[in-house]
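Now for the letters of each chain:
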Amino acid sequence: MNIAYTSMDNYAPYLGISLLSLLENNKNEDIHVYILSDGIGEKNCNILREIVESHGQHFHLIDVKSFEDYFEQRKVDHGGFGYVVMLRLLLASILPDQVEKLIHLDCDTIVASNISELWNLDVEPYYYRALPDFAMPQEHIQELGEKDLSVYYNAGVMLLNLKKWRDEDMQEKYIQCCLKHKTLKYADQDVLNCCCHGKIGDIPVKYNFAPNMYWYGAKYVKKIQPAYKDTSLECMKQTIKSPAIIHYMGDERPWFQGNHNKYSAYYYKYKKMSPWSNMPQVSGKTGYMQIYFLLNLITKICPGFRFVFFKCIGINKFKWFGKK
């Protein structure tokens, strides 16, 4: 099983906590972990290596700092996320040729169960498999200007077919897409959707669960995302109750002081087990967390309001203010 993360030094603790959750719940798997480091310091690199090797798994550190220039020199728009997220478009070049299949995880994920079922999904016909984003407005999808692009996939958890990327020189297509679009609100995620649509496979909802789904509710999520039509209501409810991979997308992350994230216990469990157990929560957002929680409560009563709010405000936040 090949697993990759991409991170800078300031996000290394969250990467490490995610990594620990992965290894603790997949002890019987043979795992090669590839850390794409954009300036991760020596101390954190050594800690990450120790976490992997103490679980009897294989650790590979790849310095990708130089690849930033690849995008910066071309003045590629990265939607306020920073160039590090764009490096996922270069995975076929960055990773060794023998890595033909790969699970890429965002650092803000917690793996709560064995993921061999995800790894064993057939990826041969696709460029990658991922989960359709349940709340991406059609307006943004249409802005990308790609004919027949109707379903938009979230890049937080992806099962990649790197062999197909190499065979069809997808990297060059990704770069040309970057240069073509003046605005990429969601950086590499937009590029992947543009270039790969029609050849993206689905993964079960449980492998990329967004905590906001709890507040929207299973019925409403199925209603606004037709791509979930094959996912039964019972399956959706079970996922909300016990997800396999929690993706802390959005603003209410469990490491922020004052957060009310319904799935924060998963994060705290592995944080407590990690070398960062005493790392304090990020302060300065307590008031914002209370406002966010109020929005969650409103969503529980009127999910349609939250959907409109995201379409008008949330989708533009990273572009206006940058990703913090």
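It should be emphasised that the depicted structure is a prediction, and the values quoted were computed from it without experimental measurement.

1. Some points on the overall build of the chain
Along the backbone of the chain there are 15 helices and nine strands. Taken over 324 residues, the chain has a buried fraction of 55%. Once local pairs closer than 6 in sequence are excluded, the contacts in the chain between residues at least 24 apart make up 77%. Of the roughly 14300 Å² of accessible surface on the chain, 52% is carried by carbon and sulfur atoms.

2. A word on the nonpolar core
Side chains that are nonpolar tend, in soluble globular proteins, to be buried together. In terms of nonpolar packing, the biggest core is built from 62 residues, with Ile3, Tyr5, Leu19, Ile115, Leu118 and Met213 touching the most fellow members. Those residues in contact with Leu118 that lie beyond four places of it in its chain are Ile103, Val157, Leu159, Ile203, Tyr207 and Ile245. Counting 44 residues, the second largest nonpolar core, distinct from the first, contains Val64, Val84, Leu91 and Cys178.

3. Concerning the confidence of the model for the chain
Within the chain, residue pLDDT values average 89, and 90% of them lie at 70 or more. Segment residues 318–324 is flagged for pLDDT under 50; beyond a separation of four residues in sequence, or across chains, it makes 15 contacts in the model.

4. Side note on the sheet that holds strand 7 (residues 153–161)
The seven strands lie next to each other as 3-2-1-4-7-6-8, forming an open sheet whose pairing is mixed. Single-partner strands in this sheet number two, and they are strand 3 (58–63) and strand 8 (200–202). Averaged over all pairs of adjacent strands, the angle between their axes in this sheet comes to 30°, without regard to strand direction. Note: strand 1 (residues 2–8) against strand 2 (residues 32–38), seven bridges, orientation parallel.

5. A short note on helix 1 (residues 12–24)
Its 13 residues give helix 1 an end-to-end C-alpha distance of 18 Å, which sits within 8% of 18 Å, the value for a rise of 1.5 Å per residue. By the criterion of burial, helix 1 is predominantly enclosed, with twelve of the 13 residues buried. Of the residues making up helix 1, those classed as buried are Ala12, Pro13, Tyr14, Leu15, Gly16, Ile17, Ser18, Leu19, Leu20, Ser21, Leu22 and Leu23. In this fold, the buried residues of helix 1 make contact with strand 1, strand 2, helix 2 (42–54), strand 5 (109–111) and helix 13 (264–273).

6. Thoughts on the packing of aromatic side chains
Tallied over the full model, the rule gives 15 aromatic pairs. We note Lys101 situated over the ring of Trp119; from NZ or CZ to the ring centre the distance is 4.9 Å. Over the ring of Tyr127 we find Lys164; its NZ or CZ atom is 5.4 Å from the centre of that ring.

7. Points about the pattern of salt bridges
Under the definition given, this model contains nine salt bridges. Two residues, Lys27 and Glu24, come together in a salt bridge whose shortest N-O distance is 3.5 Å. In this structure Lys27 comes out as exposed when scored by relative accessible area, which is 54%. A salt bridge links Glu53 to Arg49; its shortest N-O distance comes to 3.6 Å. On the criterion of helical spacing, the pair formed by Glu53 and Arg49 is a turn pair, its members being four residues apart in helix 2. Beyond isolated ion pairs, a larger network of salt bridges with shared partners links Arg88, Asp106 and Asp188.

Conventions we followed
Residues numbered from 1 in each chain as written. Predicted model: local features only at pLDDT ≥ 70, side-chain atom pairs only at ≥ 80, totals over all residues. Heavy atoms only, no water. Helix = DSSP H or I, 4+ residues; strand = E, 2+ residues; numbered from the N terminus. Buried < 20%, exposed > 50% of the residue type's maximum accessible area, 1.4 Å probe, protein only. Contact = heavy atoms within 4.5 Å. Areas by Shrake-Rupley, 256 points an atom, 1.4 Å probe, with all protein chains shown as cover. Core = buried A, V, L, I, M, F, W, Y, C linked by side-chain atoms within 4.5 Å. pLDDT = per-residue confidence, 0-100. Pairing = 2+ DSSP bridges. Axes fitted to C-alpha atoms, helices over the stretch in contact; angles between N-to-C directions. Expected span 1.5 Å × (residues − 1). Phe/Tyr/Trp six-rings, centres within 6.5 Å; stacked < 30°, edge-to-face > 60°. Lys NZ or Arg CZ within 6 Å of the ring centre and 35° of its normal. Salt bridge = Lys/Arg side-chain N within 4 Å of Asp/Glu carboxyl O.

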